[in-house]
Amino acid sequence: MALAAACCLPALLSAQGSLTPPGAPAPSMKSLAEVEPRFAVQSLGGDASAQYVISQPGSYYLIGNIDAPAGRAAVAIVADGVSLDLGGHALVGVSGATSGIEIRATRAQLKVTNGIIRGFTDAAGVQVSGSLTNSLFADLVISCPGGGVAIGGSGNSGEGVLVRDCTVAGSTNGVGIVLGTNRGTVERCLVSGLSSPGGTSGIVARLVSGCEVNNLGCAGAANTFGISAAGLVSRCVVNGLTGTGGAAVTGINASDVTGCEVANVQSASGSAIGISAFGSIAQCLVNGVEVNNGSGGCVGLSGGTVQGSRALLIGVNGRGTPTGILGAAVSDCSVNSVGGANSQGSAVGISANSVVSCTVSFVGHLSAGSATGIFGTAVSGCSVNTVNTGSGGAAGIVGSSVTGCTVATMNIGTGSGTGISSGEVVADCRVLGITSSSGGSTTGYAQYRLLRNCSATSITSTGGSAFGASTSQVGRTEGVSISLTAGVGISVNSNHAISGCTVNVGGGGTGVQATGTRNQIEGNHLAGNGGTGILASSGSNTAQALVVRNHVRGFTTRIQTDAPCQVGPSVTAAGSIASTSPWANFTD
């Protein structure tokens, strides 16, 4: 076997090929030019309006900067299907140059990327004179007095257009990035330092996300917008909008807004709005909205539904009519500091049909007019802390149905103040502290039909009237706790039942006052220091009240009624109960 293997070895060795190396390797792949033919823009001709004209579809690039003369654009695109790579180079316009990139007529499928456009005065850095669809602009830095990206046209102009990762600054024409008739998308762009004698628009599109708009100014009568969108605006920041004329100034105006911040929005004599949405606002912050002169509206957030958002410093230093949040349904929101010494009209923390789980703090001013913490139809689970007013009225919460709410610390000058006012139901609420220092009346709960399981303490007035609860409505007051240093614990008019309540009134005040007819006062515990425990009087000897099973103590006059009232017998002696009547009133 070894011999056989040794005999075969020379044969195997002789079967190998030549060991001489081959020649140099030949190219095995296509060149970049063969894969994607590219053409230098500087190799093209121009016309009377542009230094270079791209008239055929294809891929184009710059080999260096282009300086455009007065009266001409740097590059004009007059074909569809064009890709233009600026290659980090700049399109520069001398004084009087029109635009960096001029897109003529109706165009589609364009791509412009990676470069600088600056100095163009007569039009925007990217100017679309007709209509444009399905195109991309990315990684551009534009600093032109004539504007940033301006897509004109009508119909569907701007549809399918995306502007991404661009910076626009220095426009004195008030145009940042404007995509047709609120169409297209803008992502991760920065717009700053725009001004105009007319209207100013930072970004106008259908969808806007991850953008920042800073320092926009308008000196004329046209409106100014940081961001305006027909669709959703998300994760954007707008800071510093100023209108020195009489026009509206709005930080963000859109269909829906989420996760955005707006700060320092000011209008001279028009209206000023932080965020305005036709649909929903969620998880947003507005900090600082002012109207410097006049009584124009000054609103932090205005939307159909507003959820999880905050409004701070609304109308604190100006003269407008301030509102923190305005909407159809507001939930899980907070408002802090609405209205100032020079506010016009009524300062309102939140105004909405439905208000749920919200907090409002510091509304109004002691030198200003009226103020309201929350104004709504259905208000639940909310807290209002510190409402101030000078000569006007003040209210913590006004709503048809108010449940599970707290109102604390209301300071009133010469006007009147009410903790919670409702045309229908108030339940499970607390009012803690209403003070009038100059003769205004104070009331814990007012104008309700049903007041149930609520409490009111520290309701005081210097030179005026103080009421724990007061209503002229037909209905019920039940399970209510009132504690006053002076005044009237519970005051009703006609056809009202008061039951199961606890009232403590000092200073010679009145526990329960029923001034109309057909009232029922039953099963209440009333304590006082002088004054009258129960007063049922219509002033015309027709009170017709039913007064039974009450405990009245510490008042000079325990029970005072007009005939023909129905009053249970009074038990006054200490020790054993002297009456077997189930309707007896206990007075001591």
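Residues numbered from 1 in each chain as written. Predicted model: local features only at pLDDT ≥ 70, side-chain atom pairs only at ≥ 80, totals over all residues. Heavy atoms only, no water.

A. The arrangement of the pairing of strand β23 (residues 224–229) in detail. Taking burial as the measure, the six residues of β23 include five buried ones, the bulk of the element. Bridge analysis of strand β20 (residues 200–205) against β23 gives five bridges, and the strand direction is parallel. Paired with valine 204 across the bridge in β23 is serine 228. For β23 and strand β26 (residues 249–254), the ladder comprises four bridges, and the chain directions are parallel. Counted as the bridge partner of threonine 224 is valine 249 from β26. (Buried < 20%, exposed > 50% of the residue type's maximum accessible area, 1.4 Å probe, protein only. Helix = DSSP H or I, 4+ residues; strand = E, 2+ residues; numbered from the N terminus. Pairing = 2+ DSSP bridges.)

B. Here's a closer look at unusual backbone geometry. Even without glycine at this site, aspartate 332 takes up a positive phi of about 55 degrees. Mapped onto the fold, aspartate 332 is located in the loop between β34 (321–331) and β35 (334–338). Using a relative accessible area of 44% as the deciding quantity, one classes aspartate 332 as partly exposed. A positive phi angle, near 60 degrees, is found at phenylalanine 362, a position not held by glycine.

C. Region of interest: the environment of serine 438. Here serine 438 is to be found in the loop between β45 (430–436) and β46 (442–446). For serine 438, a relative accessible area of 42% gives the class partly exposed. Setting aside anything within four residues of it in sequence, one finds serine 438 in contact with Ile412, Gly413, Thr414 and Thr462. (Contact = heavy atoms within 4.5 Å.)

D. Structural context of the packing of aromatic side chains. In the structure shown here, the tally under the stated rule is one aromatic pair. Ring centres of phenylalanine 39 and tyrosine 60 lie 5.6 Å apart, and the angle between their planes is 40 degrees; on these two criteria the pair is classed as tilted. In this pair, phenylalanine 39 sits in strand β1 (residues 38–40) while tyrosine 60 sits in strand β3 (residues 58–61), placing the two residues 21 residues apart along the sequence. A residue is classified by how much of its surface remains accessible, and tyrosine 60, at 4% relative accessible area, is buried. (Phe/Tyr/Trp six-rings, centres within 6.5 Å; stacked < 30°, edge-to-face > 60°.)

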